[in-house]
There are 2 protein chains.
Amino acid sequence: MQMGEGVEWGLHCCVTLGWLNDEAPVSIRRLAAWFDLPPEYLKKRLQALAKAGILHSTPGARGGFSLARPPERITMMDVVTALEGPAEAFRCTEIRQRGAGAEGGRFGRPCGISAAMRRAELAWRRELAGRTIADLMADSAPAGERTRRNYARLPG
Amino acid sequence: MQMGEGVEWGLHCCVTLGWLNDEAPVSIRRLAAWFDLPPEYLKKRLQALAKAGILHSTPGARGGFSLARPPERITMMDVVTALEGPAEAFRCTEIRQRGAGAEGGRFGRPCGISAAMRRAELAWRRELAGRTIADLMADSAPAGERTRRNYARLPG
């Protein structure tokens with residue numbers, strides 16, 4: 001079970017756009033150069049974040065991406081859900097209700113296996129929902145200073 | 001991000017083998033009929049559980065699978081890890097150290113994004129590691145009685 005690489009890209013771009021708020025919008029070309037990422041693939045991921053209302057996309061030659069709301073109001077869960085979809089990782093297909101084992105069974109209650117998998121996934125979601133882009137920015141303040149310094153030096 | 005269907009199959013087979021402990025080993029043909037699953041695909045999953053020391057595989061015409069240790073000592077995490085591998089779902093590729101943004105940076109500490117993703121994954125693992133096959137059996141005792149009853153009726 002693996003997340004797509006877009007999750008790392010998306011989270012780092014959100015943190016960077018938080019730090020570069022005064023310079024935004026930041027072009028896709030610059031964001032790609034920032035992390036040495038393929039521009040076309042990165043663009044697809046950032047468009048997904050824009051569609052989810054996390055980023056704001058400004059069109060045109062001087063356009064690019066900016067945070068669509070304050071970094072305190074964007075959780076890691078928001079970003080992961082926008083990029084990986086809202087589906088739970090575990091899919092219950094109710095095999096307990098199929099085949100020779102199911103004969104004479106009554107299946108009113110949710111399956112204990114499915115319920116336990118859901119509890120674990122909720123614990124994971126709770127952690128990610130409790131941590132915002134602002135928290136991540138605060139955790140690495142020196143990187144924020146470096147980001148603003150390096151951005152000012154970037155060729156136009 | 002999706003788990004393979006084998007996780008649902010593997011967990012249900014472990015619970016069923018716990019209930020059918022007195023009848024084990026249970027043939028792959030019977031386990032497949034039990035849940036109406038494709039025998040060859042199911043066999044691959046159960047072999048992975050045997051390789052991980054969760055199931056015991058008995059060869060021969062009267063062979064099949066049984067739990068390799070008491071159900072109190074098999075956690076849901078054991079089963080998920082055996083089927084999905086031990087890798088974390090989030091892969092940090094340290095893009096923070098690449099490109100124009102990284103210039104002049106020092107990257108001693110683990111990345112805050114990676115650390116937060118790991119904390120969330122640990123919360124998920126902790127839940128699954130705290131729940132055993134014996135717990136799942138106890139949760140649905142009526143299904144255990146039905147399982148033993150239906151198994152006794154199964155054609156040879």
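Conventions and cut-offs
- Residues numbered from 1 in each chain as written.
- Chains lettered and ligands numbered in written order.
- Predicted model: local features only at pLDDT ≥ 70, side-chain atom pairs only at ≥ 80, totals over all residues.
- Heavy atoms only, no water.
- Helix = DSSP H or I, 4+ residues; strand = E, 2+ residues; numbered from the N terminus.
- Buried < 20%, exposed > 50% of the residue type's maximum accessible area, 1.4 Å probe, protein only.
- Contact = heavy atoms within 4.5 Å.
- Areas by Shrake-Rupley, 256 points an atom, 1.4 Å probe, with all protein chains shown as cover.
- Lys, Arg positive; Asp, Glu negative; His and termini not counted.
- Charge placed at Lys NZ, Arg CZ, Asp CG, Glu CD.
- Axes fitted to C-alpha atoms, helices over the stretch in contact; angles between N-to-C directions.
- Parallel < 35°, antiparallel > 145°, perpendicular 65-115°, else oblique.
- Left-handed = near helix turned anticlockwise from the far one by under 90°.
- Nonpolar A, V, L, I, M, F, W, Y, C, P; charged D, E, K, R; others polar.
- Core = buried A, V, L, I, M, F, W, Y, C linked by side-chain atoms within 4.5 Å.
- Least-squares fit on C-alpha atoms with pLDDT ≥ 70 in both.
- Pairing = 2+ DSSP bridges.
- Buried area = accessible area lost by both parts, 1.4 Å probe.
- Salt bridge = Lys/Arg side-chain N within 4 Å of Asp/Glu carboxyl O.
- Polar contact = N/O pair within 3.5 Å; in protein donor to acceptor, adjacent residues only side chain to side chain.
- Expected span 1.5 Å × (residues − 1).

Enquirer: Give me the lowdown on the overall build of chain A, citing residues and values where you can.
Expert: Helices and strands together make up the secondary structure of chain A, namely seven helices and two strands. Counting from the amino terminus, helix and strand elements in chain A follow one another as α-α-α-β-β-α-α-α-α. Seen through its principal axes, chain A has C-alpha atoms that stretch 70 × 30 × 25 Å. Among the 156 residues that make up chain A, the fraction classed as buried is 49%. At a minimum sequence separation of 6, the contacts of chain A that also span at least 24 residues come to 69%. Total accessible area on chain A stands at roughly 7700 Å², and carbon and sulfur atoms take up 50% of it. One finds the centroid of the 23 positive side-chain charges in chain A at a distance of 3 Å from the centroid of its 17 negative side-chain charges.

Enquirer: Please provide a residue-by-residue account of the packing of helix α5 (residues 112-129) of chain A against helix α5 (residues 112-129) of chain B, values included.
Expert: One way to put it is that α5(A) packs onto α5(B) with a least axis distance of 8 Å and a crossing angle of 160°. Relative to α5(B), the element α5(A) lies roughly antiparallel. Relative to α5(B), the crossing made by α5(A) is right-handed. Two secondary-structure elements touch here, α5(A) through A:A116, A:M117, A:R119, A:A120, A:E121, A:A123, A:W124, A:E127 and A:L128 and α5(B) through B:A116, B:M117, B:R119, B:A120, B:E121, B:A123, B:W124, B:E127 and B:L128. By residue class, the composition of the contact of α5(A) with α5(B) is 12 nonpolar, no polar and six charged.

Enquirer: Run through the nonpolar core, naming residues and quoting values.
Expert: It is characteristic of soluble globular proteins that their nonpolar side chains tend to be buried jointly. Membership of the largest hydrophobic core comes to 95 residues, with the highest contact counts inside it found for A:M117 and B:M117. Other than its neighbours up to four places away in sequence, A:M117 contacts A:F90, B:M3, B:V7, B:L11, B:M76, B:V80 and B:L128.

Enquirer: Quick one: what's the story with the relation of the copies chain B and chain A, residue by residue and with numbers?
Expert: Taken as rigid bodies, chain B and chain A are interconverted by a rotation of 180° and an axial shift of 0.0 Å, the fit giving an RMSD of 0.0 Å. Expressed as a symmetry operation, the mapping of one chain copy onto the other fits a two-fold axis. Closest approach to the rotation axis within chain B is made by the C-alpha atom of B:W124, at a distance of 2.6 Å. An overlap of 98% is found between the interface residues of chain B and their copies at the interface of chain A, pointing to a shared contact surface.

Enquirer: Give me the lowdown on the pairing of strand β1 (residues 55-58) of chain B, citing residues and values where you can.
Expert: All names here are of chain B. Note: β1 against strand β2 (residues 64-67), four bridges, orientation antiparallel. Its bridge partner lying in β2, H56 is registered against S66. The antiparallel pairing of β1 with β2 creates a hairpin that spans five residues between the two strands, and G60 there sits at a positive phi of about 100°.

Enquirer: Tell me about the interface of chain B and chain A, residues and numbers included.
Expert: Listed per partner, the contact involves 58 residues of chain B and 57 residues of chain A. Between chain B and chain A, a total of about 5000 Å² is buried, with carbon and sulfur atoms accounting for 59% of that surface. In terms of surface lost to chain A, no three residues of chain B exceed B:M1, B:E8 and B:I95, which account for 15% of the buried area on that side. Linking chain B with chain A are zero salt bridges, by the criterion used here. Taken together, chain B and chain A are joined by 33 residue pairs in polar contact (both at pLDDT 80 or more). With 11 residues, α5(B) is the single largest residue contributor to the side of chain B that touches chain A.

Enquirer: Account for unusual backbone geometry, naming residues and giving values.
Expert: Cis peptide bonds are those with omega within 30 degrees of zero, and the linkage from A:A24 to A:P25 qualifies with 0°. Positive phi, close to 55°, is recorded for A:E94, a residue that is not glycine. Its place among the elements puts A:E94 in the loop between α4 (76-84) and α5. By relative accessible area, A:E94 is classed as partly exposed at 26%. The phi torsion at B:D36 lies on the positive side, around 55°, for a residue other than glycine. In this structure, B:D36 sits in the loop between α2 (28-35) and α3 (39-51).

Enquirer: Provide a residue-level description of the environment of B:V26, including the pertinent values.
Expert: Residues and elements named next belong to chain B. Here V26 is to be found in the loop between α1 (6-19) and α2. When its relative accessible area of 1% is taken as the criterion, V26 is described as buried. The spacing of V26 and M117 is 91 residues in sequence and 40 Å in space, taken between C-alpha atoms.

Enquirer: Provide a residue-level description of α1(B), including the pertinent values.
Expert: Counted at 1.5 Å a residue, the expected span for α1(B) with its 14 residues is 20 Å, and the 20 Å between its end C-alpha atoms agrees. The element α1(B) is extensively covered by neighbouring structure, given that 14 of its 14 residues are classed as buried.

Distances and angles like these do not, on their own, reveal function.
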